[in-house]
Amino acid sequence: MAETWDVLVPEQIDPSGPESIADFADCTGMDEYDSVDAALDDIGSYDAVIVRVAELDAAVIDRADRLQGIAKHGAGLDNVDIEAASERGIVVCNTPGANSRSVAEHALSLLFALRRNHRSADRHVRGGGWDRGAYTGRELTGNTLGLFGFGAIARETSDLAHGIGQEVLMYDPYVPDDDVPARVERVTDFGALFARSDAVSVHAPLTQETRHAISTDELAALGERGVLINTARGPIVDEDALLEALETDTLGAAGLDTFAEEPPAEDHPLFDRDDVVLTPTSAASPRKRWPE
């Protein structure tokens, strides 16, 4: 490998990242190409890649003749074929906790937006309306928030939720009992997490075990006033079951930062619903500081 590394980085990345490795690396953003696919077609030109959601499957890695390392800006590695990378001697690493606060804040902002009817109230005012009584919403204080998965992001979410007076439940069979804070109640039955919560926020990795883990039964248990928040991975939620639950008033509302297919189709049936707030997988990508 050359003395200076050529590093491919995501379309949007805080300048402090590339600046921190400028003494040994030349960084190229994926947005300097016509598309992410075009950037990955040129993967053979790079010694390392920093990735968020771009898919580094076996076919991409097979073209990466110079690649020495793959760094995930985040925790989940479901978009990286680790086996293919290992076979080629490529080091794969992630950064758990790097964006935990950002995602936690985003998850709660979706919950606030839904409970206070921000989407429909905004459209009402822009249309010339001023019916204050129709958009009063509900306070979050005193509600119960369920967390599916209890890694770094969920822990941050639980701290924020406690700060506004919510009770917090968690379900994660891989976290030891002595690693659960005293003010968070563990539930050992997955269905009970939904039955006992006013809202459930998803913070689990995408695995074969968690794919479509949230479907008809879980949404029915959450109930007609319940809210589902997903800032983790789209396929954890069965989108067909979610749409049906919303259409039949089995579920109250949903806030999604991630989808089964990204970007979702232009005619996605969730787009026209006032009981759904959608964001473009932006939970982990805020500015941590104002630009100079």
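Below, the structure is looked at part by part. (Residues numbered from 1 in each chain as written. Predicted model: local features only at pLDDT ≥ 70, side-chain atom pairs only at ≥ 80, totals over all residues. Heavy atoms only, no water.)

## Things to note about helix 10 (residues 239–247)
Turning to helix 10, its buried residues number three or more, namely Glu239, Ala241, Leu242, Leu243, Ala245 and Leu246. Of the surrounding secondary structure, the elements contacted by the buried residues of helix 10 are helix 9 (216–222), strand 10 (227–230), strand 11 (253–256) and strand 12 (276–278). One side-chain oxygen of the residue at the start of helix 10 lies 3.1 Å from the amide nitrogen of aspartate 240, identifying that residue as aspartate 238. Just beyond helix 10, the residue with positive phi is aspartate 249, at close to 60°. (Buried < 20%, exposed > 50% of the residue type's maximum accessible area, 1.4 Å probe, protein only. Helix = DSSP H or I, 4+ residues; strand = E, 2+ residues; numbered from the N terminus. Contact = heavy atoms within 4.5 Å. Polar contact = N/O pair within 3.5 Å; in protein donor to acceptor, adjacent residues only side chain to side chain.)

## Remarks on the environment of alanine 254
As for its position among the elements, alanine 254 is in strand 11. When the C-alpha atoms of alanine 254 and aspartate 267 are compared, they prove to be 18 Å apart, with 13 residues separating the residues in sequence. Ignoring anything within four residues of it in the chain, the contact list for alanine 254 reads Leu114, Leu228, Leu242, Leu246, Asp275, Val276 and Val277.

## Focus: the pattern of salt bridges
Applying the stated criterion to the full structure yields 16 salt bridges. Between aspartate 78 and arginine 233 there is a salt bridge, with its nearest N and O atoms 2.8 Å apart. Of this pair, aspartate 78 sits in the loop between strand 4 (69–72) and helix 4 (82–87) while arginine 233 sits in the loop between strand 10 and helix 10, placing them 155 residues apart in sequence. The partly exposed category is assigned to arginine 233, whose relative accessible area is 22%. Residues aspartate 159 and arginine 183 are paired through a salt bridge, measuring 3.1 Å at the closest nitrogen-oxygen approach. Of this pair, aspartate 159 sits in helix 7 (residues 152–163) while arginine 183 sits in the loop between strand 7 (167–171) and strand 8 (184–186); the two residues are 24 residues apart in sequence, bridging distant segments of the chain. (Salt bridge = Lys/Arg side-chain N within 4 Å of Asp/Glu carboxyl O.)

## Here we look at the sheet that holds strand 2 (residues 25–29)
Overall, parallel pairing links the five strands, which are arranged 2-1-3-4-5 in an open sheet. The sheet terminates laterally at strand 2 and strand 5 (91–93), the two strands that pair on one side only. Each strand axis lies, on average, 15° off the axis of its neighbour in the sheet, ignoring direction. Sheet topology note: the strand 1 (residues 5–9)/strand 3 (residues 48–51) ladder contains two bridges and is parallel. Following the sheet pairing, valine 7 is matched in strand 3 by alanine 48. (Pairing = 2+ DSSP bridges. Axes fitted to C-alpha atoms, helices over the stretch in contact; angles between N-to-C directions.)

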